[in-house]
Amino acid sequence: MAQIDFRLVQTAVMGGRDSDQPVILPEEPHNLDEFRRQFGKDDFWCGTLLGGCGERLMTKRYETKVCHFSHFPDRDGSRAACHRTANGVDSADHLFIKAHVTQWLAGQGHAAQAELCSLGHGPGDAVDFVLRATNQRLRFELRPSDYRSWRGTADSLAAKEGHVEWVFGLESAITRDMTARYGYALRVRCETDGNSRRVVIGTVTENRPVAWSSLEQCRMTGDGLITLDLEELRGRGLIREGAARHDAVAGSLPLRGAEIVFAIDGEARPDTDSPLVEGGRYLISGFIKPAGHRILRAQLSLPHDTPRPTEQYVYQLAGAVRLLVTEADRPGESTRWAVRADSLIQLKGLDAERTGLWRPPVALDEPLPAPKPATRPAPAPTTIPPQSQASRTATVLRQALEDVAREGATTTWKQLAERVGLDLAHLPDPKRRDLLVEVDKPRDRNRSLLCVLVRAPSGRPLSYLATVLRLLQVSAPASESALYRWSDEQIRAAHTAYGNRTPPVQASAAIAEAARPAEVRAVQEQLTLLKAQLAVGRATLPRATGRRAARLATTVKDCEQHQRLYESVQQRRQELRLWQRESERLLDDLDRLIGHPLPASATAKNSTPAVPPAAKSPSRRDRTSTHSRRRRQQTSPVCRSCSSRPATPTT
Ligand SMILES: [Zn+2]
């Protein structure tokens, strides 16, 4: 029975049924004429390497439709049926890849053995190039397979032959996996070029279109196939050198950060060599506790600009929180994991204690803060003559900072460096810290602090200000927000002491805004309350004993100082708000210290000043709201953008 072939076969091989020399038939008749002059008419085969029957093919010329190869008619029906399924222009791409890549490798001095591999569909499934000298296999996987089959092949090839360099025909779950693991994947495609097909290599990266370069623009190296784009990405540090030879980048699963708390393990050494270390991040060892689950020893991955957690706090994980996992890719390897977070929220006091990861180191009443320098009015400053052992740099810095104070300004290390003409901008933080300590030494309580005038580029206090103050034996608030307010007060004190009456330059825009009448009224009410509570505090003082007496004395002095400050801030909204917040804190302290049981006669003594009833005993509701407000402040997220650190002393 005669069969008519309706297939438009566009590729063939030349030189015999099992040949690997591919050819494409031109579609236009005038091109076909030239093709016939070049290649003749009768050496075209439905090649076995094309999945064909091995019979001879003829070229068919048409004026009105595309030219193509065709099987000779099987007039007596004696030939075996042809089961070739791929007939299009790309149906011989595996043979073009085999020829062109062999030539390309040879051009770079690589002797390679090329093999066509069937993955179950036919000889065009994959093309391998085995480079014995460098123990590499370059595989062009043209037919997509499912992830599990591919992974099985990849693992067994890697175990047998060392490194396998993968180039994929199509975008798939596998290329996406490679991109996630190593930062990139390679793809291949062919483009018609006369009677041949040119090989083009694509670099696949996340969030970018595939970048294609011709084979001639690529190199085969010990690190694998390097495209132009890969070269550029490696140059910019976006992809590791020899990425695909390293351990894969860890995979990740989303977690609910709000339900996980973390505390550092001060004893554990940081793991710098872990495959879980990512660019721009650091790992820290400690313990995590997911809500409702047991505590686990774990590593936490944090961005470099997140302040390093300290033992003083427990932290709640924030931002995008994920579980990082590495697979055991090689025999003998084990899976490793870490938790990755974008930022941390400090938990203190009860919130921290409830996690079971932290206990207060001492009872609340234990340490007595020394009187704050701000509680005493600063007399006219005198420049302290530098000590003989003081470095010249510190002397120069001190003079520069005195100038800054006179100008009513603050400064940064960069500006200071320009001002004094010294290379201070590149000093490490510990060195800067020591210089600032030297500037304010010897500490004289009647002299304003100059170190507070140096601020971070963000305008916030320096991350190591708390350490400087501790080394100067200056008692300052421990919490970050309180330290911020406190250092603002110190800056104002320095400006005043050095003769400047104008508000700080950097803050002038923010504080120029006048307070609204309602705000002024609210603050005035608070001032009244403060005065009244202060009176109660003073009256209580003679009867208080021990630590409580000392704390009460300090708080009373703080309140007096704060009350005086009101006159200078009442016109400016921003400062007024800060003043109000600080009042809340002081009232809270007074409330607690006065709230201790007193002898019944204490308030009845005739020396007790008259106290408005409202101030005698702040209502339970007020106290609760003040406490809960303070707790909310304690759990404010660590600010990542300004790189500020918790205000706990670190060295
Ligand atoms: Zn055939």
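Residues numbered from 1 in each chain as written. Predicted model: local features only at pLDDT ≥ 70, side-chain atom pairs only at ≥ 80, totals over all residues. Heavy atoms only, no water.

Under the annotation held in an unreviewed UniProt entry, the chain carries the name Competence protein CoiA-like family protein and is attributed to Streptomyces misionensis.

J.: Help me understand the overall build of the chain, please; the structure alone is not making it clear to me.
T.: Each helix and strand in the chain was counted, giving 17 helices and 22 strands. Residues counted as buried form 45% of the 651 residues belonging to the chain. Taking as baseline every contact in the chain between residues at least 6 positions apart, the subset at least 24 positions apart corresponds to 63%. Carbon and sulfur atoms provide 52% of the accessible area of the chain, an area that totals close to 33,200 Å². (Helix = DSSP H or I, 4+ residues; strand = E, 2+ residues; numbered from the N terminus. Buried < 20%, exposed > 50% of the residue type's maximum accessible area, 1.4 Å probe, protein only. Contact = heavy atoms within 4.5 Å. Areas by Shrake-Rupley, 256 points an atom, 1.4 Å probe, with all protein chains shown as cover.)

J.: Help me understand the sheet that holds strand E4 (residues 56-60) in this model?
T.: Backbone-to-backbone hydrogen bonds join strands into a sheet, with any given pair of strands oriented parallel or antiparallel. Taken together, the five strands give an open sheet; going across it, the order is E2-E1-E3-E4-E5, and neighbouring strands pair in antiparallel fashion. For this open sheet the edge positions go to strand E2 (22-24) and strand E5 (68-71), each flanked by a neighbour on one side alone. Alignment of strand E3 (residues 44-45) against E4, held across two bridges, turns out to be antiparallel. Within the sheet, the bridge partner assigned to Phe 44 lies in E4 and is Leu 57. Each of strand E1 (11-14), E2, E3, E4 and E5 touches helix H1 (residues 29-39); the most contacted strand, E4, lies at about 140° to it. (Pairing = 2+ DSSP bridges. Axes fitted to C-alpha atoms, helices over the stretch in contact; angles between N-to-C directions.)

J.: I keep staring at the coordination of the zinc ion and nothing clicks. Help me out?
T.: Taken together, Cys 46 (SG), Cys 53 (SG), His 71 (NE2) and Cys 82 (SG) make up the full set of protein donors to the zinc ion, lying 2.1 to 2.2 Å away. One can describe the donor arrangement at the zinc ion as tetrahedral, given that its four donor atoms subtend angles of 103 to 115° at the metal. Positions of the donor residues of the zinc ion, expressed as sequence spacing, correspond to C-x6-C-x17-H-x10-C. Taken together, the positions of Cys 53 in the loop between E3 and E4 and His 71 in strand E5 put the pair 18 residues apart, joining distant regions of the chain. Assessed through its relative accessible area of 19%, Cys 53 is described here as buried. (Donors = N, O, S within 2.8 Å, 3.2 Å for Na, K, Ca; no water. Tetrahedral: all angles 85-135°; square planar, octahedral: opposite > 155°, others 65-115°.)

J.: Got a minute to help me understand the environment of Leu 300 in this structure?
T.: Tracing the backbone shows Leu 300 in strand E18 (residues 296-303). The class for Leu 300 is buried, based on a relative accessible area of 0%. Once the C-alpha coordinates of Leu 300 and Ala 263 are considered, the two residues, 37 residues apart in sequence, prove to be 9.7 Å apart. Apart from the residues within four sequence positions on either side, Leu 300 is in contact with Phe 262, Tyr 282, Leu 283, Ile 284, Leu 317, Val 339, Ala 341 and Leu 344.

J.: I keep staring at the nonpolar core and nothing clicks. Help me out?
T.: Residues Trp 413, Leu 436 and Cys 451 are the most contacted members of the largest nonpolar core, which totals 35 residues. Elements represented by at least two residues in this core include exactly helix H7 (392-406), helix H8 (413-420), helix H9 (429-439), helix H10 (465-471) and helix H11 (480-497). No other element matches H7, which puts six residues into this core. The next biggest cluster of nonpolar side chains, apart from the first, holds 24 residues, and it includes Val 101, Val 167, Cys 218 and Met 220. (Core = buried A, V, L, I, M, F, W, Y, C linked by side-chain atoms within 4.5 Å.)

J.: Any chance you could explain the packing of helix H13 (residues 517-540) against helix H14 (residues 546-569) here in plain terms?
T.: Packed helices, taken two at a time, are described by their axes: the angle between them and the distance between them. Where H13 contacts H14, the axes come no closer than 10 Å and their chain directions differ by 150°. Note on packing geometry: the crossing formed by H13 with H14 is left-handed. Across the interface between the two elements, Val 523, Gln 524, Leu 527, Leu 530, Lys 531, Leu 534, Gly 537, Arg 538 and Thr 540 of H13 pack against Arg 548, Leu 552, Val 556, Cys 559, Glu 560, His 562, Gln 563 and Tyr 566 of H14. In the contact of H13 with H14, the residues fall into eight nonpolar, five polar and four charged. (Left-handed = near helix turned anticlockwise from the far one by under 90°. Nonpolar A, V, L, I, M, F, W, Y, C, P; charged D, E, K, R; others polar.)

J.: Which parts of the structure should I look at to understand the pattern of salt bridges?
T.: Two side chains of opposite charge can pair, provided their charged atoms sit close to one another. For the structure shown, the criterion picks out 35 salt bridges. For the salt bridge of Glu 34 with Arg 37, the shortest nitrogen-to-oxygen distance reads 3.2 Å. Taken together, the residues span about one helical turn, with Glu 34 and Arg 37 both in helix H1 at a distance of three residues. Assessed through its relative accessible area of 41%, Glu 34 is described here as partly exposed. (Salt bridge = Lys/Arg side-chain N within 4 Å of Asp/Glu carboxyl O.)

J.: Even after reading the chapter, I still don't get the pairing of strand E11 (residues 196-204), so can you show me in this structure?
T.: As a general feature of sheets, a regular strand has side chains that alternate between the two faces. With seven of its nine residues buried, E11 lies for the most part within the structure. In this sheet, E11 lies alongside strand E10 (residues 185-193) in antiparallel orientation, the contact comprising nine bridges. Within E11, the residue paired with Ala 185 across the bridge is Val 204. Where E10 folds back onto E11 in an antiparallel hairpin, the turn is made up of two residues, including Gly 194, whose phi is positive at roughly 65°.

J.: Just checking my understanding: could you explain the side chain of Thr 412 for this structure?
T.: By the secondary structure assignment, Thr 412 is in the loop between H7 and H8. In this structure Thr 412 touches Val 454, Arg 455, Ala 456 and Pro 457, once residues within four positions along its chain are discounted.

J.: Which parts of the structure should I look at to understand the sheet that holds strand E7 (residues 126-131)?
T.: Strand order in the open sheet formed by seven strands is E6-E7-E8-E9-E10-E11-E12, with mixed pairing between adjacent strands. This sheet does not close on itself; its edge strands, each paired only once, are strand E6 (113-117) and strand E12 (211-214). Strand after strand, the sheet turns through a mean of 30° between neighbouring axes, direction not considered. Pairing geometry for E6 and E7, over five bridges, is antiparallel. Residue pairing for E7: Ala 114 is matched across the bridge by Phe 129. Across the sheet, helix H2 (residues 93-107) lies against E6, E7, strand E8 (136-141), E10 and E11, angled at about 20° from E7, the strand it touches most. Contacts between helix H3 (residues 147-161) and the sheet are confined to E8 and strand E9 (163-168), with E9 contributing the most and set at about 145° to the helix.

J.: Would you take a moment to explain the environment of Asn 195 for this structure?
T.: Along the chain, Asn 195 falls in the loop between E10 and E11. Using a relative accessible area of 25% as the deciding quantity, one classes Asn 195 as partly exposed. Note: C-alpha distance between Asn 195 and Thr 11 (184 residues apart in sequence) is 9.6 Å. When residues no more than four places from it in sequence are discounted, the contact partners of Asn 195 are Val 23, Ile 24, Pro 26, Phe 35, Gln 38, Phe 39 and Phe 96.

J.: What is the right way to look at H3 in this model?
T.: Quick reminder: α-helices carry 3.6 residues per turn. Residues three or four places apart thus point the same way. Taking 1.5 Å per residue as the helical rise, H3 with its 15 residues ought to reach 21 Å, and the 21 Å between its terminal C-alpha atoms agrees with that figure. Looking at H3, one finds that the buried residues are Trp 150, Arg 151, Ala 154, Leu 157 and Glu 161. The buried side chains of H3 occupy one side of the element, clustering within an arc of 135° when seen end-on. What points out from H3, more than 90 degrees from its buried face, is the exposed set Arg 148, Ala 159 and Lys 160. Directly beyond the C-terminal end of H3, a positive phi value near 80° is found at Gly 162. (Expected span 1.5 Å × (residues − 1). Arc of directions from axis to C-beta.)

J.: Any chance you could explain the confidence of the model for the chain here in plain terms?
T.: Fine structural detail should not be taken from predicted coordinates in areas where pLDDT scores are low. With 81% of its residues at a pLDDT of at least 70, the chain reaches an overall mean of 79. Of all helices and strands in the chain, the one with the weakest mean pLDDT is helix H12 (residues 508-511) (38), whereas H2 scores best (97). Overall, residues 503-512 carries pLDDT values under 50, and its contacts beyond four positions in sequence, including any with other chains, amount to 14 contacts. Across residues 596-651, confidence stays below pLDDT 50; counting only partners more than four residues off in sequence or on other chains, it has 89 contacts. (pLDDT = per-residue confidence, 0-100.)

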